[in-house]
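# Architecture and fold: a report
So you can see what is in the structure, the chains are spelled out below.
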Amino acid sequence: MPLSLLKTGFAFALLAFLAACGSSAPKHPIKEPTGQIDPTREAVILMSAFAKDGADLDLVKIYLQNESSTANHYYIFSEKAADKEFFVRLPPGRYKFIIVSRDILAQPREPLPVKPYDPATGIPLSPLDVKAGDVIHAGRILVSGLGGSAVTGRNDRVKYEIIDRTPAAKSALEQHAPDLVSKLETKLIQVVE
């Protein structure tokens, strides 16, 4: 077989391999909406989350999944040097917590399977039920016992605590959408025992 034909065959095989690898690579997070908030089509959630290690708070990454969609949303609701609540715009729906991870760089393969919320086996946090026009402070999630790993369900060593930070949520809302401050409601996520 001529060398040029071998080179062509190798190049084709390499391209096919790279294409296959690219198709199984993790997808990017869903782009957050931009522009004016449309209260007839979206809700606003204010919350934060940290991995708690003694007195130290570290970054944590949380995947949310709308039960009516195969799409996965992931968020880092924390910053090293900032003590604030994060402002998130979501379409209406029921969002469950499907992954909590200390590794903010890793992404699982997507789409992740859609399963109904099950407090007996899933992450023991109540889902976020949001309607169009909602403006909700859901609280600060503190996760302890996570170590360097990720959890996708119940784990005896991992503990969750929810902190009411309504004043901080109001402050974040004043920065992002001051016209919505009067609509702010506090509906804290619940830890399901």
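Procedures and definitions
Residues numbered from 1 in each chain as written. Predicted model: local features only at pLDDT ≥ 70, side-chain atom pairs only at ≥ 80, totals over all residues. Heavy atoms only, no water. Helix = DSSP H or I, 4+ residues; strand = E, 2+ residues; numbered from the N terminus. Buried < 20%, exposed > 50% of the residue type's maximum accessible area, 1.4 Å probe, protein only. Contact = heavy atoms within 4.5 Å. Areas by Shrake-Rupley, 256 points an atom, 1.4 Å probe, with all protein chains shown as cover. Arc of directions from axis to C-beta. Core = buried A, V, L, I, M, F, W, Y, C linked by side-chain atoms within 4.5 Å. Phe/Tyr/Trp six-rings, centres within 6.5 Å; stacked < 30°, edge-to-face > 60°. Lys NZ or Arg CZ within 6 Å of the ring centre and 35° of its normal. Lys, Arg positive; Asp, Glu negative; His and termini not counted. Salt bridge = Lys/Arg side-chain N within 4 Å of Asp/Glu carboxyl O. pLDDT = per-residue confidence, 0-100.

## Quick notes on the overall build of the chain
Scanning the chain from N- to C-terminus turns up two helices and 11 strands. Starting at the N terminus and walking to the C terminus, you meet the elements of the chain as α-β-β-β-β-β-β-β-β-β-β-α-β. Counting all 193 residues of the chain, 38% fall into the buried class. Restricting the contact set of the chain to residue pairs at least 6 apart, pairs at least 24 apart contribute 74%. With an accessible surface of roughly 10,800 Å², the chain has 58% of that area assigned to carbon and sulfur atoms.

## Section: helix α2 (residues 166–176)
Every buried residue of α2 is listed here: Ala 169, Ala 172 and Leu 173. End-on, the buried residues of α2 take up no more than an arc of 100°, which puts them together on one face. Opposite its buried face, α2 presents the exposed residues Pro 167 and Gln 175, each directed more than 90 degrees away. Buried residues along α2 sit against β1 (43–53), β5 (86–90) and β8 (135–144).

## Thoughts on the nonpolar core
General note: in soluble globular proteins, nonpolar side chains tend to be found buried as a group. Counting residues in each nonpolar core, the largest one holds 30 residues, and the members touching the most others are Phe 97 and Ile 141. Taken together, the elements giving at least two residues each to this core come down to β1, β3 (61–66), β5, β6 (93–101), β7 (128–130), β8 and β10 (159–163). With five residues, β1 is the largest single contributor of residues to this core. In this view, Phe 97 contacts Met 47, Ile 62, Tyr 63, Leu 64, Ile 123, Leu 125, Ser 126, Leu 128, Ile 141 and Ile 189; residues no more than four positions away in its chain are not counted. Counting residues in hydrophobic clusters, the runner-up holds 11 residues, among them Ala 169, Ala 172, Ala 177 and Leu 184.

## Re the packing of aromatic side chains
The tally for this structure, following the rule as stated, stands at one aromatic pair. When the ring centre of Phe 86 is taken as origin, the NZ or CZ atom of Lys 84, which lies over that ring, is 4.9 Å away.

## Focus on the side chain of Lys 96
The topology assignment puts Lys 96 in strand β6. Glu 67 provides the closest opposite charge to the buried, salt-bridge-free Lys 96, at an N-O distance of 4.1 Å. With residues up to four places along the chain from it excluded, the contact list for Lys 96 reads Tyr 63, Leu 64, Gln 65, Glu 67, Val 114, Lys 115, Pro 116, Tyr 117 and Pro 127.

## As for the confidence of the model for the chain
When the pLDDT values of the chain are averaged, the result is 81; 81% of them are 70 or greater. Contacts from residues 3–29, a stretch scored under 50 in pLDDT, to residues over four places away or in other chains number eight contacts.

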